Structures are given as structure tokens and as C-alpha cells.
Amino acid sequence: PRLLSQFFFADERVTRVVAEINGLDAELDPQQYLVLLNQLHLSQAHLLAVLERIMEECIPTQRHSRDYLVKFPEELLVDNLGNHMLFAAECLLAGTFLEVEEADGAQLRPQARNLLCSLELVRTVLREQSLSQPGSYPEPVRAVLIQFDRLFAEFELSYVSSLVVVKSPEEIYRQQEIIVLFCETVERALRLGYLTQEMIDGYEPLLMFTIPRLAIISGLLIYPEGPLSLEQSPEQMSRVFSPFYNLLKKIRDLLQVLTAEELCLLERSLCTAE
């Protein structure tokens, strides 16, 4: 049950698979090479998962900040992101630029080298510790873990930033404003009887359409100074809504001529229409 013991066996598996790959002629047996490569990715992912648990146990208050993750596109925030970063570092060190431009790759190579060297040091230190005192983390072990955690975070941010456009602090703030708008929209819809608490608690599928529709009306009429404010330029709006700037203007102009009764009827219809 000890994490260091789990790390030892996970590390042994990675070492064994790497040895099998090195002893195989990929050209003579490409299918077996692909099988082993998949096993390597799986074993590395398991190794990193155990290492993550060790760092949470050993250096929970000294972890490098991961606040930058909120800047990443949501499609990148997957469970195997760490393993993907490790694979990217290995490719960069080998001179292979699979996802980034060659110039960016050249700048990232020193970080990739430092990260992989740090990982090898961590593996060596933790293997030794697991064989001597698997229930403790002396200061030298803590030091190499802190260094690895920092280098991993720095490489992850640098690599993803060269791969995609990460969100700026302004965009993150705009998205937070949209979250507030949706929350206020739901609160108003409950108060006016458009929605029921039972629908929300039961994850009624219709809400996926209803709430955004009501939020557009709320953002244009009820909270006109919020994230849907048309007094700002499209460039100042969130990228969620900026492509629809002209359409939002037309919708606002139509909404402004409605009476209170007509607006209520419209909103109720939006809660039922598909």
C-alpha cells in the first residue's frame, strides 16, 4: 500500500518496456513496435499518476502553482495531459517537432532536457528510497520532487503556449462575467416561474437550450452593462459572443420594442421551444 513501493513497481514496468523497445527492430516487426509503444505510454501514465500522489503526500504545500491551467482551452484539460507533456519533451529532445514550429521547438528543447533529466533524478532517488525506507521522505527526496514539479509546470505552460493561443487574463475575467450572468439569469428565471428547482436538480436536458436563450435576453435588457454590453467593441467582448456582435444588436433592437407582457410571453416560449 505504500506509495514508494507502488512507484518502484511502476518504474520497473517502464524500464522493462523501454528495454524491450530498444531490443526490437521496428522495421522488421512494426506491429510489435506499436504494441510496445502503447504499453510504454500506459506505463508512463501510471508512473506519473503515482508520482503525482507522492508529491501530494510529500510536498502538498510546496507544489508549483497550476493557476495557469485556467488559460488553456478546455479541450486540452484531459486526464492524460501530463503524459502528453512528457511525450512532447521526449520528442523535442530527439529533435522531432510534431506539434510546434521548428523555431519554437528549438527554444523549448532546453526546458525539455531539464525536465527529463529531473525526472530521471526523481526516479533514481525514489527507487533508492523505496528500497531503504519506503515509509519516509527525507529532505533530499523532497528537494528533487519540488524541482521536478516546478520544471514540469514551467514546461507545460511554455509548450501549450507555443501550441495554442492561451486565454489572456482579460478573457478569463470576461468568462467569469458570463458565469455570473448565467447565475443571475437562473435566479431570475426561478423567481419569475420560468424554471423550477426540480428541473435544475434533475438536470433537465431542456435547460441546455433554455438558460443560454434567457441569458441573452438578460444580458441585453436586464443587465446591459454586463458581458453582453453592446456599448463596447466586438474586440472587447468575450470570444464566446464577439462573432455574433451584429446579430446581438438586431436582437436587442427587436427586444426594446416589446411590452413587458410581450417580453414575458417571449421568455416563457423560449423555455419550451426546441
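- Within an unreviewed UniProt entry, the label attached to the protein chain reads LST2 protein, and the organism entered is Brachypteracias leptosomus.

### Some words on unusual backbone geometry
Logical step 1: Despite not being glycine, tyrosine 203 shows a phi value in the positive range, around 50 degrees.
Logical step 2: Locating tyrosine 203 in the fold gives a position in the loop between helix 7 (197–201) and helix 8 (207–222).

### Quick look at the packing of helix 6 (residues 169–192) against helix 8
In a pair of packed helices, the angle between the axes and the distance between the axes together describe the arrangement.
Logical step 1: Between helix 6 and helix 8, the least distance of the axes is 9 Å, while the angle of their chain directions is 100 degrees. On the basis of the axis angle, helix 6 is roughly perpendicular to helix 8. Along the contact surface, helix 6 presents Leu181, Phe182, Thr185, Val186, Arg188 and Ala189, while helix 8 presents Ile211, Pro212, Leu214, Ala215, Ser218, Gly219 and Ile222.
Logical step 2: Residue composition of the contact of helix 6 with helix 8, grouped by class: nine nonpolar, three polar and one charged.

### As for the packing of aromatic side chains
Logical step 1: Applying the stated criterion across every chain yields a total of four aromatic pairs.
Logical step 2: Ring geometry for phenylalanine 8 against phenylalanine 9: centres 5.4 Å apart, planes inclined by 85 degrees, an arrangement best described as edge-to-face.
Logical step 3: With a centroid separation of 5.6 Å and 50 degrees between ring planes, the pair formed by tyrosine 68 and phenylalanine 72 is classed as tilted.

### Considering the nonpolar core
Logical step 1: By size, the foremost hydrophobic cluster in this structure holds 45 residues, and its most contacted members are Leu51, Ile54, Leu126, Leu145, Phe148, Phe155 and Tyr159.
Logical step 2: Mapped by element, the contributors of at least two residues to this core are helix 1 (3–22), helix 2 (30–58), helix 3 (81–93), helix 4 (102–132) and helix 5 (139–163).
Logical step 3: The element best represented in this core is helix 5, accounting for ten residues.
Logical step 4: Beyond its immediate chain neighbours, meaning those up to four positions away, tyrosine 159 contacts Met85, Ala88, Leu92, Glu99, Val100 and Leu108.

### Let's talk about the packing of helix 2 against helix 5
Logical step 1: With their axes 11 Å apart at the nearest point, helix 2 and helix 5 run at an angle of 120 degrees to one another. Viewed along their axes, helix 2 and helix 5 form a crossing whose handedness is left-handed. Along the contact surface, helix 2 presents Leu48, Leu51, Ile54, Met55 and Cys58, while helix 5 presents Arg142, Leu145, Phe148 and Asp149.
Logical step 2: In terms of residue class, the contact of helix 2 with helix 5 is built from seven nonpolar, no polar and two charged.

Basis of the calculations
Residues numbered from 1 in each chain as written. Predicted model: local features only at pLDDT ≥ 70, side-chain atom pairs only at ≥ 80, totals over all residues. Heavy atoms only, no water. Helix = DSSP H or I, 4+ residues; strand = E, 2+ residues; numbered from the N terminus. Axes fitted to C-alpha atoms, helices over the stretch in contact; angles between N-to-C directions. Parallel < 35°, antiparallel > 145°, perpendicular 65-115°, else oblique. Contact = heavy atoms within 4.5 Å. Nonpolar A, V, L, I, M, F, W, Y, C, P; charged D, E, K, R; others polar. Phe/Tyr/Trp six-rings, centres within 6.5 Å; stacked < 30°, edge-to-face > 60°. Core = buried A, V, L, I, M, F, W, Y, C linked by side-chain atoms within 4.5 Å. Buried < 20%, exposed > 50% of the residue type's maximum accessible area, 1.4 Å probe, protein only. Left-handed = near helix turned anticlockwise from the far one by under 90°.

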